[in-house]
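Residue-level structural notes
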Amino acid sequence: MLFSELNLRPEILRALDEMGYRELTPIQEKTFLPILSGRDLLARAETGSGKTGACAIPLVQRIDPSIKAIQALILVPTRELALQYVEEIDNISRRTGVIPFTIFGGFSMEVQKAKLRDGIHVLVATPGRLIDFLYNTTSIDLSHVRILALDEADEMLKMGFIEDVDFILSCLIHEHQTLLFAATMPDEINRLIGTYLKDPV
């Protein structure tokens, strides 16, 4: 399937063309329509399979840039993956008015707070730094989050973030879509799926 065959906004299709994205990868073909339709999703995908785009492209399509609030939250295990996501979303959304931002440890919270106050639509975060903000500041409002994505959920488990992830998921008590991407499905990940995902594809 070609990206040009999808019912995406013209400005997104133009950005994808400029990025050299022509054909969907297998994981993208399977996940795009469920994500665009608002379904919860469980995807088993290795690094390098195109899963960043599988999450980011339909996510940008679903953001309303006129609403100055965090509408999508992406949790990732590492700073490197957080930066990769923000760069990908930035490229995809360059003409849409959608503003992504990332927070992670080892960087000034004051600088991150200032950017959050400016207004963003997509927040990419490592669990530990997001917990720091939720506990210690009033800078983050998650009440408008419509889409929550967990990428490399099994890596977050290996790195000891599972309690933080549990806490963050339990904070989102309003209606929202949940997307979970992982390369493996250990028991603790299956517990998260059973607790927080509703009838996932």
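Residue indices follow the written sequence of each chain, beginning from 1 at its first position. Given that the model is predicted, a residue must reach a pLDDT of at least 70 before its local features are reported, and side-chain atom pairs must reach 80 or more before they are shown or counted; all residues, however, enter totals for whole chains, interfaces and linings. Neither water nor hydrogens contribute to the side-chain values; these are computed over all heavy atoms in the structure.

This part takes up the environment of Asp 199. Relative to the elements of secondary structure, Asp 199 occurs in the segment after helix H9 (187-196). In this structure the C-alpha to C-alpha distance between Asp 199 and Leu 42, which are 157 residues apart in sequence, comes to 9.7 Å. Two residues form a contact once any of their heavy atoms are found within 4.5 Å. Leaving out residues up to four positions away in the same chain, Asp 199 has contacts with Arg 39 and Asp 40. Every helix listed is a DSSP run of H or I at least four residues long, and every strand listed is a run of E at least two residues long, numbered separately from the N terminus.

Take unusual backbone geometry next. The backbone phi angle of Glu 152 is positive, close to 55°, even though this residue is not glycine. Mapped onto the secondary structure, Glu 152 falls in the loop between strand E5 (147-150) and helix H7 (153-158).

The subject of this paragraph is H9. What sets the pattern is the α-helix's 3.6 residues per turn: residues three or four places apart point alike. Turning to H9, its buried residues number three or more, namely Ile 189, Leu 192 and Ile 193. Projected down its long axis, H9 carries its buried residues within an arc of 100°, all on one side. Turned more than 90 degrees away from the buried face of H9, the exposed residues are Asp 187 and Gly 194. Where H9 is buried, its residues touch strand E1 (41-44), H7, helix H8 (162-171) and strand E6 (177-182). Partly exposed residues are those whose accessible area sits between 20% and 50% of the maximum for their type, while under 20% is buried and over 50% is exposed, using a 1.4 Å probe and protein chains only. The arc in question is the one spanned by the directions pointing from the helix axis to the C-beta atoms.

Attention shifts here to the sheet that holds E6. Between any two strands, at least two bridges found by DSSP are needed for them to pair. Taken together, 6 strands build an open sheet; the order of strands is E1-E6-E5-E2-E4-E3 and the sheet is parallel. Of all the strands in the sheet, the pair left with one neighbour each is E1 and strand E3 (100-103). Across the sheet, the mean angle from the axis of one strand to that of its neighbour is 15°, orientation sign disregarded. Together, strand E2 (72-75), E3 and strand E4 (122-125) form the strand contacts of helix H4 (residues 79-92), whose direction differs from that of E3 by roughly 175°. For helices, the fitted line uses only the C-alpha atoms of the stretch in contact; every axis is such a line through C-alpha atoms, and the angle between N-to-C directions lies from 0 to 180 degrees.

With that settled, consider the pattern of salt bridges. Just to be clear on terms, a salt bridge is a Lys or Arg side-chain nitrogen sitting within 4 Å of an Asp or Glu carboxyl oxygen. According to the stated counting rule, one finds 13 salt bridges in the structure shown. The shortest N-O distance in the salt bridge between Arg 191 and Glu 188 comes to 3.0 Å. Taken together, the residues Arg 191 and Glu 188, both in helix H9 and 3 residues apart, mark about one turn of the helix. Note on Arg 191: relative accessible area 31%, which makes it partly exposed. Salt bridges linked by common partners bring Arg 14, Glu 18, Arg 94 and Arg 95 together as one network.

Take the layout of surface pockets next. The space that makes up the largest pocket amounts to roughly 220 Å³. Residue lining of the largest pocket: 17 residues in total, with Ser 49, Gly 50, Lys 51, Thr 52 and Gly 53 positioned closest to the centre. Of all the elements in the fold, those that place two or more residues in the lining of the largest pocket are helix H3 (51-62) and H4. Classes in brief: Ala, Val, Leu, Ile, Met, Phe, Trp, Tyr, Cys and Pro nonpolar; Asp, Glu, Lys and Arg charged; the others, Gly included, polar. Across the lining of the largest pocket, the residue classes tally to 3 nonpolar, 9 polar and 5 charged. A cavity here means a set of points on a 1 Å grid, drawn over the protein atoms and nothing else, where a 1.4 Å probe fits but cannot get out; a pocket is an open set with protein on both sides within 12 Å along at least five of seven lines, and a residue lines either one if it has an atom within 4 Å of a point. Grid points are joined across faces, edges and corners, and a volume is the space filled by probe spheres set on the points.

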